[in-house]
Amino acid sequence: MDYNIFMIFAEKLYKTLPAGIIEKLQPKIMSVVSRRLHTVEKSINYIDINVVDHCNLKCKYCANFCPLVNEKFLDVAEFDKDCERLSSLSNGKIKTIRLLGGEPLLHPSLIEIMAVTRKHFPLSGIDLVTNGIVLLKMPMAFWTQCNQSVVRVAISHYPIHLNYTKIKSIAKEYGVKTEYGKKPRGMYKWLLDINGCQDIKESHSYCIRAAQCAVLQEGKIYACSLPPWIRYFNDYFGKDLKVNGFDYIDIYKVKKFEEILEFMGKPIPFCRYCNTKEIVYSNAWEISKKEITEWI
Ligand code: SF4
Ligand code: SF4
């Protein structure tokens, strides 16, 4: 089954099944099917790029620990170099690049970042994933670049005021596609086991993040978005959840794209910190109080 067809199918399931059943089914279905698609299709469905690590919304349970981050912006020159390398390794076999964060609209060089992404990935989809808060303040040049680089603006739906009608009308004027869910989704609370006592194979087998949200960061590919951003959790709460050289793959050391695909389908040492079996997927949205219980 093609990944996009699977996602349409999954979306329909979300809308029709009661929340309790989805909670039980989602982790297993998503993880098994997505990983199988990776190995069968020999391509990566999503590569996520954190354009900015901090955010102007600071949601409780944020999976990337953004409420704990003061300020961190992507280095454009380094990103250009990494994209060039990944593009040459993958030969275009990356379906979608997601520019996200934190809140990507806060990066002062976002226009350049979109252009660089399109330069190296001419055939991939590019999604700019935003909470939309500052979209109506973006300059004309932003919308023009979205059009030129064929970037789709995917707005995450949170229960905050957003004039989507106006946003959609501006986007239409510039020929830019947008996406906005009909209703806000529940927030999932990732359950970290700070003692690292989980069975890595079992954690991985229940994980919805495994191989679905691969991250490119500072010359490395991570199969999920947890190890690259755990530094913010560690720094803020004085913990020491360790990331080691087996938790990522260095794009400058691998010789073939297949090595990355193989790496992405397997558990990593860091899985010992994830209690994926007990995760609750539909928590009510609220602003973070930066308490450790939001993540453990
Ligand atoms: S808007 Fe998204 S990135 Fe920002 S804090 Fe909320 S969940 Fe995290
Ligand atoms: S470390 Fe393993 S279990 Fe945890 S989110 Fe990543 S892939 Fe999933």
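The structure reproduced in this document is the subject of the present report. Each residue is numbered by its place in its chain's sequence as written, counting from 1. The naming scheme follows written order: chains are lettered A onward, ligands numbered 1 onward. In keeping with the model being predicted, local features are shown solely for residues with a pLDDT of at least 70 and side-chain atom pairs are shown and tallied solely at 80 or more, while totals for entire chains, interfaces and linings include all residues.

This paragraph deals with the overall build of the protein. Put simply, DSSP H or I for four residues or longer makes a helix, DSSP E for two residues or longer makes a strand, and each gets a number counted from the N terminus. When helices and strands are counted, the protein shows nine helices and ten strands. Burial in this document is a count-based property: other C-beta atoms within 10 Å of a residue's C-beta are tallied, and the residue is buried at 20 or more, exposed at 12 or fewer, or partly exposed in between, with C-beta positions derived from the backbone. Taking all 296 residues of the protein together, the buried fraction comes to 34%. For the protein, contacts bridging at least 24 residues in sequence account for 82% of all contacts bridging at least 6. Here the contact rule is simple: place C-beta atoms from the backbone, and any two residues whose C-beta atoms are within 7 Å are in contact.

This part is about helix α8 (residues 226–237). Taking 1.5 Å as the rise per residue, α8 with twelve residues should run 16 Å; its terminal C-alpha atoms sit 16 Å apart, in good agreement. Within α8 the residues assigned to the buried category are L226, P227, P228, W229, I230, Y232 and F233. At its buried positions, α8 is contacted by β7 (214–217) and β8 (220–222). Positive backbone phi, approximately 65°, marks G238, located one or two places after α8. Between the first and last residue of a helix there are one fewer steps than residues, each counted as 1.5 Å, and that sum is the expected span.

All right, on to the site of ligand 2 then. Contacts to ligand 2 come from 13 residues, most closely from C207, A210, C224, C271 and C274. The class makeup of the residues in the shell around ligand 2 is nine nonpolar, three polar and one charged. Residue proximity rests on one test: whether the C-beta atom, placed from the backbone, lies within 6 Å of the molecule or strand. Three classes are used: nonpolar for Ala, Val, Leu, Ile, Met, Phe, Trp, Tyr, Cys and Pro, charged for Asp, Glu, Lys and Arg, and polar for all others, with Gly counted as polar.

With that settled, the discussion passes to the site of ligand 1. In the neighbourhood of ligand 1, 13 residues make up the surrounding shell, with C55, L57, C59, C62 and N131 lying closest. A class-by-class count of the residues in the shell around ligand 1 yields six nonpolar, five polar and two charged.

Among the secondary structure elements, I170 is positioned in helix α6 (residues 164–173). Judged by the 16 C-beta atoms lying within 10 Å of it, I170 falls in the partly exposed class.

Let us now look at the packing of helix α4 (residues 110–120) against helix α5 (residues 140–148). Note on method: axes are straight lines fitted to C-alpha atoms, helices fitted across the in-contact stretch only, with angles between N-to-C directions ranging 0 to 180 degrees. At their nearest, the axes of α4 and α5 sit 10 Å apart, and the two run at 5° to each other. Taken together, α4 and α5 sit at an angle that is classed as roughly parallel. Counting all contacts with α4, which are made through L110, I111, M114 and A115, the residues of α5 involved are A141, F142, Q145 and C146. Per-class residue counts for the contact of α4 with α5 are seven nonpolar, one polar and no charged. For this classification, under 35 degrees means roughly parallel, over 145 means roughly antiparallel, 65 to 115 means roughly perpendicular, and everything else is oblique.

Let's shift gears to the nonpolar core. Generally speaking, a soluble globular protein has its nonpolar side chains buried in company with each other. In terms of nonpolar packing, the biggest core is built from 61 residues, with V51, F65, L99, I113 and A214 touching the most fellow members. In this structure I113 touches V51, L74, V76, F79, L99 and H107, once residues within four positions along its chain are discounted. A set of buried Ala, Val, Leu, Ile, Met, Phe, Trp, Tyr and Cys residues, joined through C-beta atoms within 7 Å, is what we mean by a nonpolar core.

In this model, helix α3 (residues 76–90) (15 residues) spans 21 Å end to end at C-alpha, consistent with the 21 Å of a helix rising 1.5 Å per residue. Contacts from the buried residues of α3 go to α4 and β7. Of the residues trailing α3, N91 is marked for its positive phi of about 50°.

Let's shift gears to unusual backbone geometry. Backbone geometry places F65, a non-glycine residue, at a positive phi of 60°. Mapped onto the secondary structure, F65 falls in the loop between β1 (44–52) and α3. With 26 C-beta atoms packed within 10 Å, F65 lands in the buried category. With a phi close to 45°, E218 is a non-glycine residue in the positive phi region.

All right, on to the environment of F121 then. Its place among the elements puts F121 in the loop between α4 and β3 (125–130). Assessed through the 21 C-beta atoms surrounding it within 10 Å, F121 is described here as buried. C-alpha of F121 to C-alpha of E84: the two residues are 37 residues apart in sequence and 8.7 Å apart in space. Setting aside its immediate chain neighbours within four residues, F121 contacts S87, I94 and I97.

Take the sheet that holds strand β9 (residues 249–250) next. Whether two strands pair depends on DSSP finding at least two bridges between them. Taken together, eight strands build an open sheet; the order of strands is β5-β4-β3-β2-β1-β7-β8-β9 and the sheet is mixed. A strand with exactly one partner marks an edge of an open sheet, and here the two such strands are β5 (178–180) and β9. The pairing of β3 with strand β4 (residues 151–155) spans five bridges and is parallel. Paired with L128 across the strands is V153, a residue of β4. Across the face of the sheet, α4 comes into contact with β1, β2 (94–101), β3 and β4 while running at roughly 165° to β2.

Let us look at the packing of α3 against α4. The interhelical angle for the contact between α3 and α4, taken along N-to-C directions, is 15°, at an axis separation of 9 Å. The angle between α3 and α4 falls in the class roughly parallel. Considering how the two elements wind past one another, α3 and α4 form a crossing that is right-handed. Together, V76, F79, D80, C83, E84 and S87 of α3 and E112, I113, V116, T117 and H120 of α4 make up the contact between the two elements. Residue composition of the contact of α3 with α4, by class: five nonpolar, three polar and three charged. Rotating anticlockwise by less than a right angle from the far helix to the near helix defines a left-handed crossing, while the corresponding clockwise rotation defines a right-handed one.

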